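# Fold and contact review
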Amino acid sequence: MSQNETPLAPINLLTQGKEIENILREAGRQARIRHKKLGHPIVSWQDGKVVIIPPDEIVIDDNDEPAK
């Protein structure tokens, strides 16, 4: 680290875990929306196997609302 760089604060999973989870959920939601709009498939893991989900089968749940 150079002298001009500020060290990052440590992540406290006990107090920031929910915030981190919300950020990751929103990132996944945005990726699904983008892939569906662009007509690109996504890859997922189901029943111990890799599966390719075509864009017309990508589900954007109502529960996948943007994080606040």
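Note that this is a predicted model, so its numbers are computed, not measured.

## Some details on a nonpolar patch on the surface
Taken together, the side chains of V43, W45, V50 and I52 make up a nonpolar region of the molecular surface, amounting to roughly 500 Å² of accessible area. Of all the secondary-structure elements, those providing two or more residues to the nonpolar patch are β1 (42–46) and β2 (49–53). By the element assignment, W45 lies in strand β1. Classification of W45 as exposed rests on a relative accessible area of 60%.

## Here's the deal with the pairing of β1
When a strand is regular, its side chains alternate between the sheet's two faces. One ladder, built from 5 bridges, connects β1 with β2; its direction is antiparallel. Paired with W45 across the bridge in β2 is V50. Counting the residues in the hairpin turn of β1 and β2 gives 2 residues, including D47, whose phi is positive at 55°.

## Examining the pattern of salt bridges
Counted under the stated rule, the structure contains 3 salt bridges. Measuring nitrogen to oxygen at the nearest pair gives 3.9 Å for the salt bridge that ties E21 to K18. Placement of the pair is E21 and K18 together in helix α1 (residues 13–38), with a separation of 3 residues, close to one helical turn. The class for K18 is exposed, based on a relative accessible area of 54%. E26 is the partner of R29 in a salt bridge, and the nearest nitrogen-oxygen pair spans 3.6 Å. Residue R29 and its partner E26 are located together in helix α1, separated by 3 residues, close to a single helical turn. Look at the salt bridges and you will find they share partners, linking K18, E21 and R25 into a network.

Conventions and cut-offs
Residues numbered from 1 in each chain as written. Predicted model: local features only at pLDDT ≥ 70, side-chain atom pairs only at ≥ 80, totals over all residues. Heavy atoms only, no water. Patch = residues over 30% accessible without salt bridge, like charges linked within 9 Å, V, L, I, M, F, W, Y side chains within 5 Å. Areas by Shrake-Rupley, 256 points an atom, 1.4 Å probe, with all protein chains shown as cover. Salt bridge = Lys/Arg side-chain N within 4 Å of Asp/Glu carboxyl O. Helix = DSSP H or I, 4+ residues; strand = E, 2+ residues; numbered from the N terminus. Buried < 20%, exposed > 50% of the residue type's maximum accessible area, 1.4 Å probe, protein only. Pairing = 2+ DSSP bridges.

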